[in-house]
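# Survey of secondary and tertiary structure
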Amino acid sequence: MSEMITADLVDLDLSADTKEAAARALAERMVAQGRVTDLDGFLADVAAREAQMPTGLDGGIGIPHCRSEYVTEPSLAFGRSAEGVDFGAPDGPADLIFLIAAPAGADDAHLTILSALARQLMNAEFTSALRAVGDAESAAALIRGDETPAPSHPVPSTSASGTPVPSTPTSGTPENSAATPAAASAGAAAGSSPAAGATEDQGAGAASQPFRIVAVTSCPTGIAHTYMAAEALENAGRAAGVDLVVEPQGSAGFTRLDPAVIAAADAVIFAHDVPVREKERFAGKPTVDVGVKAGINRPTELISEVRGKAERGEVTGGSAPTPVERGGEAGEGYGSMLRKWLMSGVSYMVPFVAAGGLLIALGFAIGGYEIKSAPSVMQHFVWTQTDSWAALMFQIGGVAFGFLVPVLAGYIAYGMADRPGLVPGFVGGMIASTINAGFLGGLAAGLIAGGVVLAIQKVKIPKAVRGIMPVVVIPLISTAIVGFLMFVVIGKPIASAQKGMTDWLNGLSGSNAILLGALLGLMMCFDLGGPVNKVAYTFATAGIAVSSPSDSAMKIMAAVMAAGMVPPLAMALATTVRGKLFTETERENGKAAWVLGASFISEGAIPFAAADPLRVIPSAMVGGAITGSLSMAFGATLRAPHGGIFVVPLIGHAFLYLIAIAVGMCVTAALVVVLKGMRKQAAGSAAPGAPEDISAPTADTKQPVAV
């Protein structure tokens, strides 16, 4: 493997007055070395990245960079400008300019080294040495790590703009030493660095636990800013005496923080310009959410800000993992990964289900059931006729439903193999729809597509074709394989299984239907929005995700929604009738649970289940099972996949349906009150001389999960 930077890629007298000219001058050196195949195409990719966010950094540094199909191997060119070039940094022009070029399909090892360089740019001794180096060969050796920068002197160096370059505090530890070369620090860039805890002599409170922060950094390219922000935050954490651990989500992938580390953290910092992967892991903690450059330029301020939020008790919204989900987070076995892959597909599919289902239901409500036979609105649409508007909503909803199986399959594959899995996943899902394999076919297509892409990525590929792997080779081969398997091998058996399941549902009646309603009610209330809940919900929506759903399918959808509304409504009722059994926070959550439950958001009961799972979850399951069975017994039907009480006009036998919900709600609330009352009595009898309210929790007391 050739070196990523050589003397031929160094220009210590860069004469350019604009960032475009600087990038072109350095890129021409890459072209001359055969590292870039198309100068203009590569510069267009650099400009596109620059348009997303300026790449200038405080301290006189510019880091134009991109991933491009015109790059043959990961490369780095360095230029030093006497006059400085404006890259959009707040403190003025940059005199140290690094052009980072990565192939579109660069391997992890190369990207990790580039990321390590990004970390080194936060080291004042490293940048000072580059400003003082006298020849191109020494500069290249310094960047590669072949030479060690001399320790910085007390006199601060200055950037081209005259701004003093801040020196990085050092503690004498190896990971904080400026002597660590860029290439040698590649391991740190992989995201697995240990916690930067405070030493024993940092502050008077050495005996107490340091303040703990977890952080995530990411940028659109995932090469430079991601790791520079990580390094800046770690350095600021050491200086502030806090225990700060960073998860850089870069192009070379990322290593997930241990769930135990996240659970123990006091606060969270997100410094990112692309969505944080698996953001729900950090829910429920004080959080500062900023762009990635803020993590580079003002890490100390971010730490102070998030500490202030923690002191004030400010936490983020969003749904935290349910108690049942928490039990499986410690390990990453196949079963756990399979659950995450499937939930990835379901979570992206649900908005299509909600939008399409509600539009179809509204179309039926306005225009009657014969609206499904209306001509296309492209051919006939009268602005003043309600039937035309009903037909429009019905047909838009039908188009949205057409995406369900492809989206399910595509994002299952995405959960497995990231972006390369999208094309074969979507194509496999569309084939499943075409051959009437339904949701079972979509599940199979997504898993196959993700597996095929992962297998292709493990094959060793010559450097010459790495640049076209993610754009041409992987989509072509994986789509062909998935298409062959779906059309020729497994599609027909899956379609037969789907038809058999549909026929079985259509034949349900009497006691069988009531038992199915009870089972679905149990599943909906078991983990309150978790995997089991989603299985029941997906099963129900699969039945109505057609233009003419059967009566049995609509009964199942009604039972599932009714059962899902029970837990939050029941907890709201319990906090209202016996508020003394709950903490002040739970009573406040109970007020919100009225709205959440009425809207069919089962997660409204999660705060109660998290605090007392052994009483709340079984009680909710009993009430949900009763509601599900009653809904089936009453013959209630529902064409909309969501909406709660707001879609009551679309429900068949609506009055009986509401009675079923009320019965389940009252049963669950009564059970919770009785069980919590028994716990309070037991606590009182254990300490007969204690005051009457000794078991009542206070605002400063951490409550046990269960007793």
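Placed above this text is the structure.
What counts and what doesn't
- Residues numbered from 1 in each chain as written.
- Predicted model: local features only at pLDDT ≥ 70, side-chain atom pairs only at ≥ 80, totals over all residues.
- Heavy atoms only, no water.
- Helix = DSSP H or I, 4+ residues; strand = E, 2+ residues; numbered from the N terminus.
- Buried < 20%, exposed > 50% of the residue type's maximum accessible area, 1.4 Å probe, protein only.
- Contact = heavy atoms within 4.5 Å.
- Phe/Tyr/Trp six-rings, centres within 6.5 Å; stacked < 30°, edge-to-face > 60°.
- Pairing = 2+ DSSP bridges.
- Axes fitted to C-alpha atoms, helices over the stretch in contact; angles between N-to-C directions.
- Parallel < 35°, antiparallel > 145°, perpendicular 65-115°, else oblique.
- Left-handed = near helix turned anticlockwise from the far one by under 90°.
- Nonpolar A, V, L, I, M, F, W, Y, C, P; charged D, E, K, R; others polar.
- Core = buried A, V, L, I, M, F, W, Y, C linked by side-chain atoms within 4.5 Å.
- Expected span 1.5 Å × (residues − 1).

## Some points on the side chain of S388
When you line up the elements, S388 lands in helix α13 (residues 386–402). The buried category is assigned to S388, whose relative accessible area is 4%. Residues contacting S388, with those up to four places away along its chain left out, are V377, H380, F381 and V382.

## Section: the environment of I269
Topologically, I269 is positioned in strand β9 (residues 267–272). Taking the C-alpha atoms as reference points, I269 and P299, 30 residues apart in sequence, are found 9.7 Å from one another. Residues contacting I269, with those up to four places away along its chain left out, are I213, V214, A215, V216, L233, V288, L302, I303 and V306.

## Points about the packing of aromatic side chains
The full count for this structure, using the stated rule, is twelve aromatic pairs. Aromatic pair F78 and F98: ring centres 4.9 Å apart, planes at 35 degrees, arrangement tilted. On the criterion of sequence distance, the pair formed by F78 in strand β5 (residues 75–85) and F98 in strand β6 (residues 94–103) is long-range, its members being 20 residues apart. The same class applies to F78 as to F98, namely buried. Pairwise contacts between aromatic rings join Y348, Y411, Y414 and F426 into one cluster.

## Describing helix α5 (residues 136–144)
Within α5, seven of the nine residues are buried, which leaves the element mostly enclosed by the surrounding structure. Residues of α5 that are buried: S138, A139, A140, A141, L142, I143 and R144. Looking at the residues trailing α5, positive phi occurs at G145, about 100 degrees.

## Notes on the pairing of β5
In terms of burial, β5 is a largely internal element, nine of the eleven residues being buried. With two bridges joining them, strand β1 (residues 10–11) and β5 adopt parallel strand pairing. If you follow D11 over to β5, its bridge partner there is G79. Two elements, β5 and β6, share seven bridges in a ladder whose sense is antiparallel. Its bridge partner lying in β6, L76 is registered against I100.

## Focus on the packing of helix α4 (residues 124–132) against α5
The interhelical angle for the contact between α4 and α5, taken along N-to-C directions, is 165 degrees, at an axis separation of 10 Å. Here α5 runs roughly antiparallel to α4, going by the angle between their axes. Once α4 is placed against α5, the crossing between them reads as left-handed. Mapping the contact onto sequence places F126, A129 and L130 in α4 and A139, L142 and I143 in α5. In the contact of α4 with α5, the residues fall into six nonpolar, no polar and no charged.

## Re the nonpolar core
Of all hydrophobic cores here, the largest spans 86 residues; its most connected members are Y537, V560, M561, L638 and Y657. Broken down by element, this core gets its largest block of residues, 16 residues, from helix α22 (residues 551–577). If near-sequence neighbours (up to four positions away) are discounted, M561 is found in contact with F600, L638, H642, G643, G644, V647, I651 and Y657. Ranked by size, the runner-up nonpolar core spans 51 residues in total, among them I5, L14, A101 and M228.

## Quick look at helix α10 (residues 299–312)
If you check α10, its first and last C-alpha atoms are 20 Å apart, about what 14 residues at 1.5 Å a residue would give, namely 20 Å. Listed as buried for α10 are P299, L302, I303, V306 and G308. Where the residues of α10 are buried, they touch β7 (212–218), α7 (225–240), β8 (243–248), β9, β10 (287–290) and α9 (292–297).

## With respect to unusual backbone geometry
With a phi angle near 65 degrees, N436 is a residue other than glycine that sits in the positive phi range. With respect to the secondary-structure elements, N436 resides in the loop between α15 (422–434) and α16 (438–457). Phi is positive for H653, which is not a glycine, with a value near 60 degrees. Here H653 lies in the loop between β12 (651–652) and α26 (654–686).

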